[in-house]
Amino acid sequence: MMPDFTDNLKPASPTGPDILNKERSQSDVPVDQLAQHLFRDGFMERQKRILRVLEKDVLFVKVKQLNLSRPERYQLGLARAKKLRRYADQYNWNNDERSMSQYLCDDVSPFMVHDSMFITTVREQGDEQQRKYWLPKIEASEAIGCYAQTELGHGSNVRGIECQARFDPKTKQFVLHSPTLTSSKWWNGSMGRTANHAIVVAQLLVPKARDTTEYNSLGPHAFIVQIRDLKTHKELPGIAVGDINVKYGYAPMDNGYMLFDNYRIPHSAMLSNYSRVDPNTCTYSKPANPAVVYGSLTAVRAAIIMHARLIMARAVTIAVRYTCVRRQFQDRDSNDPRAPELSVLDYPTVQIRILPLLATAFALHYTGAAMQALYQTTRAQIDKGDFGKLAVLHAQSSGLKSLCTELAANSIETCRRAMGGHGFGGGSGFIQLNHDYLSKPTVEGDNWMITQQTASYLIKRMAAAVANKGKPQDEIEQACRHWLQHEQKTAPLPVFEDDMMIVKAFHKRSRYLTYQAYVEREVNKRSWNSLLIQLRKVSHAESQSILVTNFHNALHDNNSGISENLKAHLQTLFQLFAMYTMDSDARDFHKAGAVSDADLDELPARIQELMAQIRPHAVLLVDSWKIPDFLLDSALGRYDGKVYEDLFNRAHRLNPLNELTFNPYYKSDEIVMGRGDDELKKIMAKL
Amino acid sequence: MTTPPQWVRDLKPSGPQGSELLAHERSKSSVNVDQLSTFLFTSEGLARKRRVLKVLENEKVFDKSQNYFAGRVDRFETALARAKRLRQLAVRNGWSNDDRLIANELISEPGPYGLHESMFLITLRDQGNAEQHEKFLKPAEQYKYIGCYAQTELGHGSNVRGLETTATWNKEDQTFTIHSPYLTASKWWIGSLGRTANHAVVMAQLIIGGKSYGPHPFVVQIRDLNTHETLENIHVGDIGPKFGYNTMDNGYLLFNQVKVPHISMLARFSRVDPKTNQYVRPASASLIYGTLTWVRSTIVMQAGGVLARGVTIATRYCAVRRQFQDRDAQEGQKSENQVINYTTVQIRLLPLLATTFALHFTGKAMMEMYGANQKKMSQDVGKVGGPERGAGPEETHSGSDLLADLHATSCGLKSLASYTAVEGLEMCRRACGGHGYSSFSGIGPWYADYLPTATWEGDNYMLTQQVARYLLKSARSVLKGNEPTNDTTFILTNFLSRQDTGAAFDVLGNDADIVAAFAWRSAFLTFEALKHRDEQKRPWNSLLVDFYRLSRAHSQYMVVKNFYETLQASPSATGLDAETLAIMHKLFRLYSLHTLESEASEFYTSSAVTVRQIQLCRTNAVMRLLEEIRPHAVRLVDAWSFPDWQLDSSLGRYDGKVYEDMFYRASELNPLNKVVVDPYPDSKVLFKKNEAAALKSKL
Ligand SMILES: Cc1cc2nc3c(=O)[nH]c(=O)nc-3n(C[C@H](O)[C@H](O)[C@H](O)COP(=O)(O)OP(=O)(O)OC[C@H]3O[C@@H](n4cnc5c(N)ncnc54)[C@H](O)[C@@H]3O)c2cc1C
Ligand SMILES: Cc1cc2nc3c(=O)[nH]c(=O)nc-3n(C[C@H](O)[C@H](O)[C@H](O)COP(=O)(O)OP(=O)(O)OC[C@H]3O[C@@H](n4cnc5c(N)ncnc54)[C@H](O)[C@@H]3O)c2cc1C
């Protein structure tokens, strides 16, 4: 790039770095202590170490990738995925280190499903022989896999999938077949172009007896299937497979479709740790205990929440830093005509969009952490088949997945919009973040659907509590009994007096809504469908109650080792999260008799006060999440505040469109100056 | 194109087919689609759309099937080719402005001539004098001058008075020097500027004799008319990829002491007298005021259609998509439920369906009011203050009360309507489950291009301050005992006179009472805000959240009122038969009661309704309305009459062939499937074979 007069231009003062320095010096938040408190398992050390590797490698430079076409973006994604894998070998990275490299690279990798669902399914559902055969091949990336469950016609309703696996006793093979177009596998990550193997979930059909053509339909089962040639990488005969095309996000990922034309696979392809078909007698044996998946599913959901909190932290980090640097208008009530403009974060209409989300990131953190801890400590019991507390957590976890991913997904957009015009630009760091994360409300259980699971469980416990027989089965039932017998009739709680009262108010409201739903369903016999909206509320109320409880517990954990000063800051965040949430559903708290009308009316003023308390510490609070600039990839969210320099640099120096001069006059068919109508011909040829 | 094997081509979706499901939906309802679309768009408008569509469909360059694959540079090139072709067609077919607007709507992609055809031409027309019309407007209308509107800077957007670009008057040679003193003075975001324009209207701080007179518009040539290269001491370019709007070259622009002649300053309202070197004040800025109001009213009206597109897609798809049997289904009942039958799907889609009509009618009513006021305004010239686009003027004069009312209303409604559309579109996309995440849902890309509407023409949060300011002013006037002069002062007066006796609105039984309850809540919040500001002397900034809520409440009242009044028109005026009209009344109630329920706290606190009413509203009224409207949903979206060509959506096809189309686009139109990859980490080869690339080099 040629030097020009813009090289010497500086932003008007006060400059971004000055502003952020001032923000940082005015607060006493102990950043490092807070970071230690948030990331305890070597996370930060790992982040630093792996960041050093990636930062040195041009393949991982992100600034220009938004310009690429879809095929190019996939190509880049594949190149990065391979490189990361080679680094893993070179540096001997363990699983945590590999995930860290993924996290920092921030691509939805074409190997993602291989590294997660594919290998996990073989490990959990394969029998000993299958594990012995497959796991080494998978580890060595000889078998590169995907997970093919969802179909064009069915996703949520797994029992409704149409792909068939018919057992043929003569050859002792299974015949995979796609009878309809809607039975095409669809959305399956890594399958479109990358994988050479797939876990295929298909309806198992087994002959009623050895010689009949009548079949028993035994529901969806998993098979491991080779789908492409190991040398040419072409699909095998009898299989049609490809990429499903452009999506809202996930550009580097080849989500795929796949169809089978009476495609034969050996008996050993059916993953048989739990259920199996005897090849000689055709008898089918069922899983001993279908609940074994509880454990890992809960762990997966805990991980989703821990991820969601990092997403929120990332969005809030950018938004807080930028809205401090961004100044617009002088204070209307100021009499000084030369007063500097206000940081837009000083406006309460900006605060109310961003600061409650800052508090929410912490709320998610404590619940995710509590779930992980519980999973760890009860793992030994689970392996013995005793689910104890985990059964409750499992039932609650679908509601938590729904609420937390919803909060995180929405926070991205809320923060982005709070940043005005620049939030819309490529330098915001929000584009890929939004595009990729917005899959989360749908995948791993559609958010509007899975709340039914939590609500259904709660209603059952409430019904048991009403019946009041014997000892309560679990803590929820016990809480329901307590509510029925005492809590229900107590006076509204003085929520401004003591944080514990806040926690109790959330409990009370959740029990109340559960009871209402119980009455509708079990007493008034209302149809399930007519209750879905109410059930979603029940589930969200319970999830919010869990978030508030875990946040509160963490602050009163005497072993946390945090200083009183830090505790005070966290307490303000706790109150902001709780009161903001309470205000959004104020009427429910009122109806439940949990909070008085007068207190509810006072909430908006309290919230504004809490935001004012947090405002001076906002920058250090987001700094504590230690999200590196490399990951943010944002001109607006840079640690050093050089917002405008970076925006200009990206526009001026890193923009391929500026390398071309166009012919703008409509009478000429020339598009690029000097190229005649070549360009137009090229364009037309592609259409 | 890749052709799949025969056995794949022979496959059908499992039954019932999408086309059968939609046919069944349509047969269940008696909503008169033709009458309703005519009511929405007039038969003339519908005919225009058909006529223009026919032209566009036959032009290959507008083929949409490859839009989402291409990289930024290719997308822009295609967009420029389209813009040129469109202009050629307009000239050849003698298209009117309305024809052109319809064409843009059908193409649905921001184009490189976008700002030339809107803000550049409008500004030259409205703010130039006769001589300037001759010099600038004429060549601009012939597309010899291609322009843009350069107001926003890197450092300032909302606060227009804070712009840093300067235009200094040189009395020696009677020129202006345009200069960018800081990096933050760089113009930024300017549509059509990056690569396309050769001229710009530049807003710069006018400085005469060392004194600053605030931002004024200057016409500046920025590129050579032959080579299209940038002129000396000007620095211009495209700002790079964005969340959406990638077919538009939003640009940056810097000046290094560039001299322009006296005629460059658009001088219809204010000017520099070259003889005296004096600044001549604007006679009136009411025209700009009017234009802003008009632009915002357009946004309100378009918001209905913008949202309707998402609602159309989601409604049709959710009627085709089937998932699970009903949980309470009888034994043996096998078939799966259309997901639109789930109440959690209905509660997301049907209130939005009602909203599309509510916004459309509101926008239409505002445009009509605007038209009626145009005349009155020309008589009022000189009485209205000049509001810059900022946190807004407290200096609006109540001298032209209707206009002031319209202006404030347009701010609040712009904010409410564009947010409703933005959030509604995302709601629709998510309601489609996994397939909503595909680009071929047609919702995601549409949403991305619409998003900036929440920010431009006044940031949606900031605009609400103008509404609040106006309402406070009106309340003060009412408290002084002045007679009501417009609807706002009327509802405020009404509230004052009845606030002690209280209100007992029958919101569940009487439609007029619904409107009254919304008015009541708005008036209540206005006087609350006034108390905070005037009695408690609270700082302005501490009240912004209250103002935001107030503006929202007032705007919702406007929407409810306009929806209600539209349906009160005589049957001959609406042209709707009784059954269709009855459904429209239900949609009115759904919009209103669902809103009331979502904002329950404010209605309750203001004593507009009782807790019991809110409860009944939630558990009975809204649920019953969902059930009653459900059978008509598909026909109601049909009435928006979006051609498939415009929707460009697999999920929203009129014929319901969702799965066939999804599969076709994936397997046959997808350039990635021409690539065979080498997936093994140890090999540095990425693509073993790339037929797409081979094709490229052949052309
Ligand atoms: C980016 C991405 C990656 C994916 N990766 C994989 C993968 O690797 N492997 C794989 O197998 N799959 C994958 N999927 C598929 C994914 O798991 C499904 O899309 C998801 O489970 C949602 O199911 P669906 O699409 O069928 O939604 P649908 O069930 O069709 O949802 C449509 C609407 O109906 C509603 N609805 C449905 N049922 C009910 C009910 N009973 N009650 C109330 N409402 C209901 C939903 O709330 C939603 O609003 C992926 C999807 C995406 C978007
Ligand atoms: C796609 C696109 C195209 C555009 N095209 C053009 C164009 O052609 N020509 C042109 O001149 N401009 C254009 N713009 C710029 C656009 O008009 C501005 O982005 C818009 O006016 C908002 O200003 P801002 O970006 O400075 O937001 P900011 O003012 O920086 O807003 C940031 C945040 O601060 C808040 N805030 C700011 N001031 C206050 C206050 N006083 N009180 C409370 N809150 C406040 C806002 O609510 C927002 O949340 C375009 C923008 C986009 C995104």
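Residues numbered from 1 in each chain as written. Chains lettered and ligands numbered in written order. Predicted model: local features only at pLDDT ≥ 70, side-chain atom pairs only at ≥ 80, totals over all residues. Heavy atoms only, no water.

## So, helix H6 (residues 112–125) of chain A
All names here are of chain A.
Then, in step 1: Taking 1.5 Å of rise per residue, 14 residues should cover 20 Å, and H6 covers 19 Å from first to last C-alpha, within 8% of that figure.
Then, in step 2: Its axis deflected by about 25° at Phe-118, H6 carries its strongest bend there.
Then, in step 3: If you check which residues of H6 are buried, you get Val-113, His-114, Phe-118, Ile-119, Thr-121 and Val-122. (Helix = DSSP H or I, 4+ residues; strand = E, 2+ residues; numbered from the N terminus. Expected span 1.5 Å × (residues − 1). Bend = angle between axes of the 7 residues up to and from the residue. Buried < 20%, exposed > 50% of the residue type's maximum accessible area, 1.4 Å probe, protein only.)

## Comments concerning the interface of chain B and chain A
Then, in step 1: Contact residues are listed per partner, giving 158 residues for chain B and 154 residues for chain A.
Then, in step 2: Together chain B and chain A conceal approximately 13,300 Å² of surface at their shared face, both sides included; 61% is due to carbon and sulfur atoms.
Then, in step 3: On the chain B side of the interface with chain A, the three residues burying the most area are Phe-243, Arg-430 and Tyr-437 of chain B, jointly 7% of the side's total.
Then, in step 4: At the junction of chain B and chain A, the tally comes to eight salt bridges. (Contact = heavy atoms within 4.5 Å. Buried area = accessible area lost by both parts, 1.4 Å probe. Salt bridge = Lys/Arg side-chain N within 4 Å of Asp/Glu carboxyl O.)

## Focus: empty space enclosed by the protein
Then, in step 1: One pass over the full model with this rule turns up six cavities of 30 Å³ or more.
Then, in step 2: For the largest cavity, the calculated volume is near 960 Å³.
Then, in step 3: Along the walls of the largest cavity sit 47 residues, with Val-246 and His-435 of chain A together with Tyr-68, Arg-75 and Asn-246 of chain B positioned nearest its centre.
Then, in step 4: Sorting the residues of the lining of the largest cavity by element identifies helix H4 (70–91) and helix H11 (431–437) of chain A together with helix H4 (72–93), helix H12 (444–450) and helix H22 (644–647) of chain B as the ones contributing at least two each.
Then, in step 5: Per-element tally for the lining of the largest cavity: the top contributor is H12 of chain B, with five residues.
Then, in step 6: A class-by-class count of the residues in the lining of the largest cavity yields 20 nonpolar, 15 polar and twelve charged.
Then, in step 7: Lining the second largest cavity are 20 residues, and of these Gly-426, Gly-427 and Arg-650 of chain A together with Ile-239 and Pro-241 of chain B lie nearest its centre. (1 Å grid on protein atoms, 1.4 Å probe; cavity = no way out; pocket = protein on both sides within 12 Å on 5 of 7 lines; lining within 4 Å. Points joined across faces, edges and corners; volume = space filled by probe spheres on them. Nonpolar A, V, L, I, M, F, W, Y, C, P; charged D, E, K, R; others polar.)

## Some words on the nonpolar core
Then, in step 1: Core analysis: the biggest nonpolar cluster contains 342 residues, and Leu-54, Phe-362 and Met-582 of chain A together with Phe-357 and Leu-587 of chain B have the highest contact counts within it.
Then, in step 2: When residues of this core are assigned to their parent elements, the largest contribution, 15 residues, is made by helix H8 (residues 293–325) of chain A.
Then, in step 3: With near-sequence residues (within four places) excluded, Met-582 of chain A lies in contact with Val-495, Ile-502, Ala-505, Phe-506, Phe-589, Val-595, Leu-600 and Leu-603 of chain A.
Then, in step 4: Of all hydrophobic cores here, the second largest spans 28 residues; its members include Ala-165, Phe-167, Phe-174 and Phe-260 of chain A. (Core = buried A, V, L, I, M, F, W, Y, C linked by side-chain atoms within 4.5 Å.)

## Remarks on the UniProt feature "active site" (unreviewed entry) in chain A
Residues and elements named next belong to chain A.
Then, in step 1: Those residues carrying the UniProt feature "active site" (unreviewed entry) are Glu-444 in this numbering.
Then, in step 2: Its place among the elements puts Glu-444 in the loop between H11 and helix H12 (447–467).
Then, in step 3: Relative accessible area serves as the criterion here: at 47%, Glu-444 is assigned to the partly exposed category.
Then, in step 4: Not counting chain neighbours up to four residues away, the residues in contact with Glu-444 comprise Val-300, Arg-301, Ile-304, Lys-401 and Ile-450. (UniProt positions renumbered as here; feature names shortened; annotations may be inferred.)

## Considering the domain arrangement of chain B
Residue and element names in this part refer to chain B.
Then, in step 1: Per the domain assignment, the segments making up chain B are domain 1 (35–107), domain 2 (124–280) and domain 3 (292–327 + 335–638).
Then, in step 2: Centre-to-centre, using C-alpha coordinates, domain 1 lies 30 Å away from domain 2.
Then, in step 3: Between domain 1 and domain 2, the contact holds five residues from the first and twelve residues from the second.
Then, in step 4: Buried surface at the junction of domain 1 and domain 2, summed over both partners, amounts to about 710 Å²; 58% is from carbon and sulfur atoms.
Then, in step 5: Broken down residue by residue, the surface that domain 1 buries against domain 2 is led by Arg-72, Phe-76 and Arg-87, which jointly contribute 74%.
Then, in step 6: Counting the contacts that link domain 1 with domain 2 gives one salt bridge.
Then, in step 7: Of the charged contacts in the structure, one is a salt bridge between Arg-72 and Asp-238, with a shortest N-O distance of 3.0 Å.
Then, in step 8: At the surface where domain 1 touches domain 2, the tally comes to four residue pairs in polar contact (both at pLDDT 80 or more). (Domains from an automatic or database assignment. Polar contact = N/O pair within 3.5 Å; in protein donor to acceptor, adjacent residues only side chain to side chain.)

## Some words on the UniProt feature "domain: Acyl-coenzyme A oxidase N-terminal" (unreviewed entry) in chain B
Then, in step 1: According to UniProt, the positions carrying the feature "domain: Acyl-coenzyme A oxidase N-terminal" (unreviewed entry) are residues 32–146 of chain B.
Then, in step 2: Here residues 32–146 of chain B is 73% helix and 0% strand, with 45 Å between the C-alpha atoms at its ends.

## A closer look at the site of ligand 1
Then, in step 1: Around ligand 1, the structure places 31 residues, and the nearest of them are Thr-150, Ser-156 and Asp-446 of chain A together with Arg-321 and Ala-431 of chain B.
Then, in step 2: The environment around ligand 1 is built from residues contributed by chains A and B.
Then, in step 3: Contacts to ligand 1 include Thr-150 of chain A, whose side-chain N or O atom sits 2.7 Å from a nitrogen atom.
Then, in step 4: Arg-348 of chain B is positioned with one of its side-chain polar atoms (N or O) 2.9 Å from an oxygen atom of ligand 1. (Near = heavy atom within 4 Å.)

## Some details on the UniProt feature "domain: Acyl-coenzyme A oxidase N-terminal" (unreviewed entry) in chain A
Then, in step 1: Residues annotated in UniProt with the feature "domain: Acyl-coenzyme A oxidase N-terminal" (unreviewed entry) correspond here to residues 35–143 of chain A.
Then, in step 2: In this annotation, residues 35–143 of chain A is assigned 70% helix and 0% strand; the end-to-end C-alpha distance for the span is 39 Å.

## A short note on the environment of Leu-596 of chain B
Residues and elements named next belong to chain B.
Then, in step 1: With respect to the element layout, Leu-596 can be found in helix H18 (residues 578–598).
Then, in step 2: Along the primary structure Leu-596 and Ala-517 are separated by 79 residues, whereas in three dimensions their C-alpha atoms are 9.2 Å apart.
Then, in step 3: Discounting chain neighbours no more than four positions away, the residues touching Leu-596 are Val-507, Phe-518, Phe-603, Val-609, Ile-614 and Cys-617.

## Focus: the UniProt feature "active site" (unreviewed entry) in chain B
Residues and elements named next belong to chain B.
Then, in step 1: UniProt feature "active site" (unreviewed entry): in the numbering of this structure it lies at Glu-457.
Then, in step 2: Structurally, Glu-457 can be placed in the loop between H12 and helix H13 (460–479).
Then, in step 3: Judged by its relative accessible area of 13%, Glu-457 is buried.

## Here we look at the packing of aromatic side chains
Residue and element names in this part refer to chain B.
Then, in step 1: Taken as a whole, this structure holds 51 aromatic pairs over all chains when the rule is applied.
Then, in step 2: Taking the centre distance of 5.6 Å and the plane angle of 55° together, the rings of Phe-361 and Phe-563 count as tilted. Of the two residues, Phe-361 sits in helix H9 (residues 343–380) while Phe-563 sits in helix H16 (residues 544–568), which places them 202 residues apart along the sequence. Here Phe-361 matches Phe-563 in class, with each residue buried.
Then, in step 3: Put simply, the rings of Phe-39, Phe-41, Phe-357, Phe-361, Phe-563, Tyr-564, Phe-588 and Trp-640 touch in pairs and so form one group of aromatic residues.
Then, in step 4: Of note, Arg-309 hangs over the ring of Trp-446, and the distance from its end group to the ring centre comes to 3.8 Å. (Phe/Tyr/Trp six-rings, centres within 6.5 Å; stacked < 30°, edge-to-face > 60°. Lys NZ or Arg CZ within 6 Å of the ring centre and 35° of its normal.)

## Topic: the site of ligand 2
Then, in step 1: Not every one of the 32 residues close to ligand 2 is listed here, only the nearest: Arg-326 and Ala-418 of chain A together with Thr-152, Ser-158 and Asp-459 of chain B.
Then, in step 2: Interatomic distance of 2.8 Å between a backbone N/O atom of Gly-421 of chain A and an oxygen atom of ligand 2.
Then, in step 3: In isolation ligand 2 offers 970 Å² of accessible surface; the protein chains occlude 97% of this area.
Then, in step 4: Going through the elements one at a time, helix H9 (348–383) of chain A together with strand S4 (187–190) and H13 of chain B are the ones with two or more residues in the shell around ligand 2.
Then, in step 5: Residues of the shell around ligand 2, tallied by class, amount to 16 nonpolar, twelve polar and four charged. (Areas by Shrake-Rupley, 256 points an atom, 1.4 Å probe, with all protein chains shown as cover.)

## A closer look at the sheet that holds strand S4 (residues 185–188) of chain A
Then, in step 1: Strand order in the open sheet formed by three strands is S4-S8-S7 (chain A), with antiparallel pairing between adjacent strands. In the strand order of this sheet, the two ends are held by S4 and strand S7 (239–243) of chain A, each with one partner. Strand-to-strand, the axes of this sheet are offset by a mean angle of 15°, without reference to chain direction.
Then, in step 2: Together, S4, S7 and strand S8 (256–260) of chain A form the strand contacts of helix H23 (residues 658–668) of chain B, whose direction differs from that of S8 of chain A by roughly 100°. (Pairing = 2+ DSSP bridges. Axes fitted to C-alpha atoms, helices over the stretch in contact; angles between N-to-C directions.)

## Some remarks on H13 of chain B
Residues and elements named next belong to chain B.
Then, in step 1: Its 20 residues place the ends of H13 29 Å apart at the C-alpha level, agreeing with the 28 Å of an ideal helix rising 1.5 Å per residue.
Then, in step 2: Burial of H13 is extensive: 16 of the 20 residues sit out of reach of the surface.
Then, in step 3: Its side-chain oxygen placed 2.9 Å from the backbone nitrogen of Tyr-461, Asp-459 serves as the N-cap of H13.

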